[in-house]
Each structure stands twice: as C-alpha cells, then as structure tokens.
Number of protein chains: 2
Amino acid sequence: MAASAHRGAPLTPEEISATALRLIDAGGVEGLSMRKLAVELDVNPMSLYHHVDGKTALLQRVCALVAGRLDLPADDDAPWQERLRALGHACRRSARRHPSLWLYAQSHPEVTGTDHLIWRALDRILATAGIDADDLVHARKTLFALLSGFILGETTGALDEQGGAADRDQTFEAAVDFAIAGLSAFRKSTA
Amino acid sequence: MAASAHRGAPLTPEEISATALRLIDAGGVEGLSMRKLAVELDVNPMSLYHHVDGKTALLQRVCALVAGRLDLPADDDAPWQERLRALGHACRRSARRHPSLWLYAQSHPEVTGTDHLIWRALDRILATAGIDADDLVHARKTLFALLSGFILGETTGALDEQGGAADRDQTFEAAVDFAIAGLSAFRKSTA
DNA sequence: ACCTGAACACCGTTCAAGT
DNA sequence: ACCTGAACACCGTTCAAGT
C-alpha cells in the first residue's frame with residue numbers, strides 16, 4: 001500500500017521541481033503537499049526532506065525553474081515600444097501556462113527575489129525610452145504595478161468578471177498603448 | 001481548560017466578523033483558523049458553524065465589512081483627475097489598515113464579488129473624463145490592473161524591494177500622473 | 001549516507017448526542 | 001434551537017531508529 005523504495009535513480013532536484021510544477025499546474029499551489037508529491041515520485045514523504053529544505057524552499061526552486069523559461073525580448077534595436085510590449089507578452093504567456101504558481105509568486109515576492117530578470121530588462125527598455133533619471137524608479141515601479149495587476153486580474157478571472165465582452169488580448173494591447181502614452185508624463189516632467 | 005459557555009450574549013454575526021478581522025490584521029489570513037477564532041470569542045469551535053457557513057463564507061463577510069468602510073470620493077463636480085486620485089488613495093488607505101485581507105481578496109476575487117462599489121465609482125469618473133464608449137471597458141480594466149498591482153506591490157513589499165529610495169506616496173502620485181496621461185490614449189482613438 | 005515509521009501539533013468540517 | 005465532544009481526513013515537520 002505505502003510507497004515502496006524509489007525505482008533506481010536517486011531522486012534528482014530537477015525531477016522534484018519538475019514534478020512539483022506539474023502538480024501545481026494540475027491542482028494549484030494550495031493542492032500541492034509534500035505528501036502528495038512523495039506519492040507522485042513513488043517515495044516516502046520523509047525522504048523528500050533530504051533533498052529539499054521544506055515546502056517554501058521547494059516553491060522557490062519551482063519559481064526559479066519557471067523564471068528561467070521566460071523568453072524575454074532581446075536588447076536589440078527594435079523600438080522601445082515594441083520591446084515593452086514583448087516583455088508584457090512574455091510574462092503573460094508564462095502566467096497562462098502556470099497560473100497558480102504566478103498567483104502564489106505575486107503574493108509571496110520573497111519567493112522570487114524580486115524577479116531580477118524581468119525588472120532589469122524593463123529598466124533597459126525605459127532607459128531607451130528616454131525617461132528622466134529622477135523618474136526612472138517611479139516609472140519602473142508604475143509599470144511593474146500595471147503588468148503585475150494585469151496578470152493578477154487575468155489569472156484570477158477578476159478582469160473577465162468586470163463585464164464587457166472585450167477580448168483579453170485586445171484589452172492587453174490597449175493597456176500597452178495606455179502605458180506608452182502614460183510614460184510621456186515622465187518624459188515631459190523636466191522639459 | 002477548554003473554553004466554557006459563551007458569556008451571556010448569543011454571539012452576533014457582527015461580533016464574529018469584527019473579531020475575525022482583528023485576528024487577520026494581527027496574524028494574517030493564513031494565521032486565522034476557526035479554532036483560534038473560537039478561543040478568542042470564548043466559544044466552542046463547533047458553535048461557530050451555527051452562525052457562519054464555513055471559513056470561506058466568514059472571509060466573504062469580513063471582506064464586505066472592510067469594503068463598507070472604504071470612503072470613496074463623492075460624485076461631486078471636482079475635476080475627474082482629482083476624483084481618480086482620491087479613489088486610489090481610499091483603496092490604499094484601506095489596504096494599509098488591512099494588508100493581509102487585501103492580499104487575500106486580490107488573489108480570491110470570488111470573495112469580493114468584483115468589488116462593485118469601487119468599479120462603479122471608477123466608471124463614473126471615466127465617463128466624466130470623456131472616454132470613448134468603445135474604450136471604456138478597456139480603460140476600466142487597465143486602471144483596475146494598475147491600482148490592483150500597485151496595492152499588491154505595496155502590500156507585499158515587492159515595490160519597496162525594487163531599489164530606489166523613493167517615497168511610496170511620491171511614487172503613487174507619479175503613478176496617478178502616469179494614468180492621467182495614459183488615458184489620453186483612449187480619448188484620442190476616435191479623433 | 002540515505003531512508004523511514006511513528007509521532008507532534010496543527011487544520012476544516014461532519015455528525016451523533018446531549019441540554 | 002442551540003451547543004458540544006469525538007472523530008475523520010488531512011497538513012508540515014521532527015526525530016530516533018533502522019539499513
């Protein structure tokens with residue numbers, strides 16, 4: 001009845017993270033438990049604690065796994081508007097693939113370490129856009145809020161429930177246009 | 001040792017919600033349990049189930065309690081920009097008073113029922129701002145995302161951890177300016 | 001070294017029995 | 001009607017004992 005000894009291979013970290021991600025996608029972060037993960041890996045629940053430092057550490061690794069798969073836009077010479085749009089799409093794509101994990105990560109930022117990859121990329125885009133140095137922090141945080149909130153609303157469904165038969169992709173494009181126009185508030189401030 | 005019979009009064013819904021809110025503010029939504037709430041009310045844990053339909057229903061009531069205390073801006077003849085700003089400040093104030101509840105509510109929108117109060121008020125403001133009817137849904141959802149994301153980031157601390165010694169209030173004002181400028185993307189679309 | 005059973009301190013919730 | 005004890009089906013995690 002109980003899970004028997006693991007089949008040969010000694011349970012790699014990659015296997016643990018990948019399986020956890022699969023369970024999260026299927027049943028949500030709330031539905032993941034160390035015990036269920038152990039069953040899925042055909043292993044005694046307590047064996048996991050020899051490879052992971054606890055549930056929080058496990059979730060951190062899974063977040064890192066997903067973050068590594070983001071395909072952020074290159075720093076090419078495309079117009080900054082396009083790169084901004086591409087950054088948003090990359091995040092949305094990932095969030096649609098792993099909704100429950102994104103929901104969790106956004107409520108528990110300590111688990112992702114403030115997403116270095118994404119925000120550094122955003123900073124480079126804003127620099128190209130000619131944002132005043134004084135306002136760069138404000139601009140980054142504001143765009144962070146907009147993107148974060150959009151993905152949150154899309155993931156929870158709050159955005160859809162707000163009525164209006166509008167297509168989600170269409171709304172997202174509108175939000176990007178809004179952001180591009182909004183950035184003028186920062187560019188003009190010292191003019 | 002165990003909690004004895006309740007002291008006289010027969011445990012009103014208001015008392016339950018108010019006590020739950022207090023516990024949430026003190027120890028987070030995650031830290032609230034039916035059992036702890038019962039101890040706090042000096043009642044047997046199972047007695048609660050005669051007055052509330054379960055933990056989810058309890059959280060719904062607590063959210064409604066907090067939503068009722070929002071002081072949203074009046075529909076006066078102040079400029080729409082000011083009313084927009086005031087709407088944002090009202091939400092931020094509430095979120096700062098009850099951070100854990102807001103965090104929970106934003107990840108579980110089913111618990112708030114899409115916040116009718118706030119979004120109806122926002123719609124009225126946008127109407128005053130002269131947004132095209134075609135774009136109103138997009139505009140509302142975009143502002144929803146921005147406000148929601150800002151409060152999320154402020155509540156979790158993700159916004160602060162992004163470096164920059166910028167004052168939070170200052171960043172919020174900058175975000176409102178950004179939003180006001182961004183709305184021009186909607187106003188010009190049919191011109 | 002690696003694995004494991006039992007145990008601890010929790011959960012939300014059900015249900016039959018009490019008053 | 002209202003309350004309650006015991007119980008069920010879960011959690012994450014510790015720890016001493018096994019191989």
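Rules used in this analysis
Residues numbered from 1 in each chain as written. Chains lettered and ligands numbered in written order. Predicted model: local features only at pLDDT ≥ 70, side-chain atom pairs only at ≥ 80, totals over all residues. Heavy atoms only, no water. Helix = DSSP H or I, 4+ residues; strand = E, 2+ residues; numbered from the N terminus. Buried < 20%, exposed > 50% of the residue type's maximum accessible area, 1.4 Å probe, protein only. Contact = heavy atoms within 4.5 Å. Areas by Shrake-Rupley, 256 points an atom, 1.4 Å probe, with all protein chains shown as cover. Lys, Arg positive; Asp, Glu negative; His and termini not counted. Charge placed at Lys NZ, Arg CZ, Asp CG, Glu CD. Near = heavy atom within 4 Å. Polar contact = N/O pair within 3.5 Å; in protein donor to acceptor, adjacent residues only side chain to side chain. Buried area = accessible area lost by both parts, 1.4 Å probe. Nonpolar A, V, L, I, M, F, W, Y, C, P; charged D, E, K, R; others polar. Core = buried A, V, L, I, M, F, W, Y, C linked by side-chain atoms within 4.5 Å. Least-squares fit on C-alpha atoms with pLDDT ≥ 70 in both. Domains from an automatic or database assignment. Salt bridge = Lys/Arg side-chain N within 4 Å of Asp/Glu carboxyl O. 1 Å grid on protein atoms, 1.4 Å probe; cavity = no way out; pocket = protein on both sides within 12 Å on 5 of 7 lines; lining within 4 Å. Points joined across faces, edges and corners; volume = space filled by probe spheres on them. Phe/Tyr/Trp six-rings, centres within 6.5 Å; stacked < 30°, edge-to-face > 60°. Arc of directions from axis to C-beta.

Along its length, chain A carries nine helices and zero strands. Structurally, chain A occupies a C-alpha span of about 70 × 35 × 25 Å along its principal axes. For chain A, with 191 residues in total, the buried portion stands at 50%. Across chain A, the fraction of contacts at a sequence separation of at least 24, relative to all contacts at a separation of at least 6, is 68%. Surface exposure of chain A reaches about 9000 Å², of which carbon and sulfur atoms provide 55%. Side chains of chain A give 20 positive and 25 negative charges; the mean places of these two sets differ by 3 Å.

Neighbouring residues of DNA strand C: 16 residues in total, closest Ser47 and His50 of chain A together with Arg35, Lys36 and Met46 of chain B. What you see for DNA strand C is that sugar and phosphate hold 47% of its atoms within 4 Å of the protein. Take Arg35 of chain B: an N or O atom from its side chain is 2.2 Å from a base nitrogen of DNA strand C. Lys55 of chain B is positioned such that a nitrogen or oxygen atom in its backbone is 3.0 Å from a phosphate oxygen of DNA strand C. Sorting elements by how many residues they give to the surface near DNA strand C places helix α2 (residues 34–41) of chain B first, with three residues.

Glancing now at the interface of chain B and chain A. Between chain B and chain A, the contact holds 43 residues from the first and 43 residues from the second. In total, chain B and chain A occlude about 3600 Å² of area from one another, counting both sides; carbon and sulfur atoms represent 69% of this. The three residues of chain B that bury the most area against chain A are Lys141, Gln162 and Phe178 of chain B, which together make up 21% of that side's buried surface. Put simply, chain B and chain A have five residue pairs in polar contact (both at pLDDT 80 or more) between them. Elements represented by at least two residues in the side of chain B that touches chain A include exactly α5 (99–107), α7 (133–156), α8 (168–182) and α9 (184–187) of chain B. Residue contributions to the side of chain B that touches chain A peak at 15 residues, all from α7 of chain B. The residue makeup of the side of chain B that touches chain A, split by class, is 21 nonpolar, 16 polar and six charged.

Nonpolar side chains tend to gather and get buried jointly when the protein is soluble and globular. Counting 119 residues, the largest nonpolar core has Leu183 of chain A together with Leu183 of chain B as the members making the most contacts within it. Contact partners of Leu183 of chain A, with chain neighbours within four places excluded, come to Trp80, Leu84, Leu126, Ile131, Ala139 and Leu143 of chain A together with Phe178 of chain B.

As a further point, take the relation of the copies chain B and chain A. For the match of chain B to chain A, the screw axis carries a shift of 0.0 Å, the RMSD comes to 0.0 Å, and the turn is 180 degrees. Expressed as a symmetry operation, the mapping of one chain copy onto the other fits a two-fold axis. A symmetric contact is evident, with 100% of the interface residues of chain B recurring at the interface of chain A.

When the parts come together, some accessible area is lost, and that loss is often what is quoted as the size of the interface. Residues and elements named next belong to chain A. Per the domain assignment, the segments making up chain A are domain 1 (13–64) and domain 2 (73–190). When each unit is reduced to the centre of its C-alpha atoms, the spacing between domain 1 and domain 2 is 29 Å. Carbon and sulfur atoms make up 72% of the surface buried where domain 1 meets domain 2, a total of about 790 Å² over both sides. On the domain 1 side of the interface with domain 2, the three residues burying the most area are Asp25, Val29 and Cys63, jointly 49% of the side's total. In this assembly, domain 1 and domain 2 are joined by zero salt bridges.

The environment of DNA strand D is formed by 16 residues, the closest being Arg35, Lys36 and Met46 of chain A together with Ser47 and His50 of chain B. In DNA strand D, atoms within 4 Å of the protein come 47% from sugar and phosphate. One nitrogen or oxygen atom from the main chain of Met34 of chain A is found 3.2 Å from a phosphate oxygen belonging to DNA strand D. Arg35 of chain A is positioned such that a nitrogen or oxygen atom in its side chain is 2.2 Å from a base nitrogen of DNA strand D. No other element matches helix α2 (residues 34–41) of chain A, which puts three residues into the surface near DNA strand D. Its residues placed into classes, the surface near DNA strand D shows six nonpolar, six polar and four charged.

Glancing now at the layout of surface pockets. Gaps left between atoms show up when a probe the size of a water molecule is rolled over them. Its volume calculated, the largest pocket comes out at about 550 Å³. Lining the largest pocket are 18 residues, and of these Glu30 and His108 of chain A together with Glu30, Tyr104 and His108 of chain B sit closest to its centre. Looking at the lining of the largest pocket, the elements with two or more residues in it are α1 (13–31) and α5 (99–107) of chain A together with α1 (13–31), α3 (55–68) and α5 of chain B. Among the residues making up the lining of the largest pocket, the classes are represented as seven nonpolar, eight polar and three charged.

Counted according to the given criterion, the structure contains seven aromatic pairs over all chains. Summarising the aromatic geometry, the rings of Phe178 of chain A and Phe178 of chain B are spaced 5.6 Å apart at their centres and angled 85 degrees between planes, so their arrangement reads as edge-to-face. Highlighted residues: Phe178 of chain A in helix α8 (residues 168–182) and Phe178 of chain B in helix α8, drawn from two different chains. Since its relative accessible area comes to 0%, Phe178 of chain A is described here as buried. The interplanar angle of 75 degrees and the centroid separation of 5.2 Å between the aromatic rings of Phe150 of chain B and Phe172 of chain B together place this pair among those described as edge-to-face.

So, on to α2 of chain B. Residues and elements named next belong to chain B. Met34, Leu37, Ala38 and Leu41 are the residues of α2 that are buried. When α2 is viewed along its axis, its buried side chains cluster within an angular range of 100 degrees and face the same direction. Opposite the buried face of α2, by more than 90 degrees, sit the exposed residues Arg35 and Val39. Its buried side turned inward, α2 meets α1 and α3. Once α2 ends, the next one or two residues include Asp42, with phi positive near 60 degrees.

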